Amino acid sequence: MGKSTGARRAGVSIVAVGLLAGVAACGGSGSGGAREGSGGGSGAPGGGGAALSPVAALLSAEKSTSAADSARVESTTTMGSAMSMTAEGSVGWSDGLRGRLTLTYTGGALADTMRKMGSTSMEARYLPDAYYARMGDAFAAQAGGKHWIRYPYDALADLGGGSGAYLKDQMQNSTPNQSVKMLLASGDVRKVGEETVRGKETTHYSGTVDLADLAARNSSLSAAQLADMRKQLEQAGVETETIDIWVDGDDLLVKKVEKGQMTNGTYTQTVHYSDYGADASVQAPPAGDTADFTELLRKQSSTR
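How each quantity is defined
- Residues numbered from 1 in each chain as written.
- Predicted model: local features only at pLDDT ≥ 70, side-chain atom pairs only at ≥ 80, totals over all residues.
- Heavy atoms only, no water.
- Salt bridge = Lys/Arg side-chain N within 4 Å of Asp/Glu carboxyl O.
- Helix = DSSP H or I, 4+ residues; strand = E, 2+ residues; numbered from the N terminus.
- Buried < 20%, exposed > 50% of the residue type's maximum accessible area, 1.4 Å probe, protein only.
- Contact = heavy atoms within 4.5 Å.
- Pairing = 2+ DSSP bridges.
- Polar contact = N/O pair within 3.5 Å; in protein donor to acceptor, adjacent residues only side chain to side chain.
- Phe/Tyr/Trp six-rings, centres within 6.5 Å; stacked < 30°, edge-to-face > 60°.
- Lys NZ or Arg CZ within 6 Å of the ring centre and 35° of its normal.
- Axes fitted to C-alpha atoms, helices over the stretch in contact; angles between N-to-C directions.
- Parallel < 35°, antiparallel > 145°, perpendicular 65-115°, else oblique.
- Left-handed = near helix turned anticlockwise from the far one by under 90°.
- Nonpolar A, V, L, I, M, F, W, Y, C, P; charged D, E, K, R; others polar.

Caption draft 1: Structural detail: the pattern of salt bridges. Scanning the model with the defined rule gives 12 salt bridges in all. Between arginine 198 and glutamate 74 there is a salt bridge; the shortest N-O distance is 3.2 Å. Of the two residues, arginine 198 sits in the loop between strand S7 (190–197) and strand S8 (200–210) while glutamate 74 sits in strand S1 (residues 70–79), which places them 124 residues apart along the sequence. Between arginine 125 and glutamate 123 there is a salt bridge whose closest N-O contact spans 2.7 Å. According to the relative accessible area criterion, arginine 125 is buried, its value standing at 15%. Each of the salt bridges in this network shares a partner with another, and the network as a whole consists of Arg100, Glu123 and Arg125.

Rendered as structure tokens:
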């Protein structure tokens, strides 16, 4: 009982981190628009001229990707020794974040924890007010027969102070065009060249982002929350991140790669986007089969 209960206690919070990593496949780490004056000029529409500056081209890509409303995503993510995972599914962003992803934990401490809970793969559903994780039968046996955990975004603010509030901000604003905005906001945008990605002709852009500075310019967090988040970023050893994106002839993002360094190793994520306009409709799981994250934490605290 001790081992399984311990795994369940750890899993309720750790799965939240894994789900956040999964939704990062939908967009970048930033939220909000590009810094004013970062491009000089209006940014010509995509395909409108042979000599578009990188900033003008990315402004057009940001607009087109945002207007596309939905897409299929495939991603691989590694966070040092803590976790490696894949995510696949469809997401939409026309009216808040919606979608469904299959997350598979392939290595690291999180995969070990999930294995103890009965499964290394789960379905995640994202809705505008909360996200849901379908756990295995072993977890349900210890949770009153309920297979789903509901994570309200408001509860994220209580997980880790400023970083929790930042994660809530990202969950409610995470879309593919956020990576483009993040790169624009960095003030360090350069065209790498023309490349073929999964059969599509694309243009490759790259840049380096200061995460703490970016968050200060591009989120709605309070000064106290930002200070807390910067402190935790420093403790994690994260200072900068490189972003590479590939944009096709329709000014749509088709691939992104983000890399950064943490105290427990390198963070890297590669995402492919396709089938823009794909069906991303999703419904909340049955209430009778769903446990609330905050309630689970309260019950677990009372049994310690």
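From this point on, the discussion continues.
Caption draft 2: Representation of the environment of alanine 109. Locating alanine 109 in the fold gives a position in helix H3 (residues 108–116). For alanine 109, a relative accessible area of 44% translates into the label partly exposed. In this structure, the C-alpha to C-alpha distance between alanine 109 and glycine 80, residues 29 residues apart in sequence, is 9.9 Å. When residues no more than four places from it in sequence are discounted, the contact partners of alanine 109 are Ser81 and Ala82.

Caption draft 3: Geometry of the pairing of strand S4 (residues 121–126). Counted residue by residue, S4 has 5 buried out of 6 residues, so it is predominantly covered. Taken together, the 6 bridges between strand S3 (residues 98–107) and S4 define a ladder with antiparallel strand orientation. The residue bridging arginine 100 from the neighbouring strand is arginine 125, located in S4. Of the strand pairs in this sheet, S4 and strand S5 (residues 130–134) are connected by 3 bridges, and their pairing is antiparallel. Of the residues in S5, the one forming a bridge with tyrosine 126 is tyrosine 131. Between S4 and S5, which pair antiparallel and follow one another directly, the connecting turn spans 3 residues.

Caption draft 4: A look at unusual backbone geometry. The phi angle at aspartate 69 is positive, at roughly 75 degrees, despite the residue not being glycine. Here aspartate 275, not a glycine, exhibits a phi torsion of approximately 50 degrees, which is positive. Take aspartate 275: it is sitting in the loop between strand S11 (265–274) and strand S12 (290–292). Judged by its relative accessible area of 48%, aspartate 275 falls in the partly exposed class.

Caption draft 5: The arrangement of the environment of threonine 104 in detail. Locating threonine 104 in the fold gives a position in strand S3. Residue classification places threonine 104 among the partly exposed positions, given a relative accessible area of 24%. Put simply, threonine 104 and methionine 114 are 10 residues apart on the chain and 9.8 Å apart in space, counted from C-alpha to C-alpha. Residue contacts for threonine 104: discarding those within four places in its chain leaves Ser84, Met85, Thr86, Thr120 and Ser121. One polar contact links threonine 104 to serine 121, side chain to side chain, over a distance of 3.3 Å.

Caption draft 6: The arrangement of the packing of aromatic side chains in detail. A full pass over the atoms with the stated rule returns 4 aromatic pairs. Considering the side-chain rings of tyrosine 131 and tyrosine 153, the 5.8 Å spacing of their centres and the 25 degrees angle between planes classify their relative orientation as stacked. Of the two residues, tyrosine 131 is situated in strand S5 and tyrosine 153 in helix H5 (residues 153–156); the sequence distance between them amounts to 22 residues. Like tyrosine 153, tyrosine 131 is buried. Members of the aromatic cluster, each reached through a chain of ring pairs, are Tyr126, Tyr131, Tyr151, Tyr153 and Phe293. The ring centre of tryptophan 246 lies 4.4 Å from the NZ or CZ of lysine 255, which sits over that ring.

Caption draft 7: How the structure looks around the packing of helix H2 (residues 54–67) against helix H7 (residues 177–186). In contact at an axis separation of 8 Å, H2 and H7 are set at 155 degrees when each is read in the N-to-C sense. Here H2 lies roughly antiparallel to H7, going by the angle between them. As H2 runs across H7, the sense of the crossing is left-handed. Counted together, Val55, Leu58, Leu59, Glu62, Thr65 and Ser66 of H2 and Asn177, Val180, Lys181, Leu183 and Leu184 of H7 form the full contact between these two elements. Taken together, the residues that form the contact of H2 with H7 break down as 6 nonpolar, 3 polar and 2 charged.

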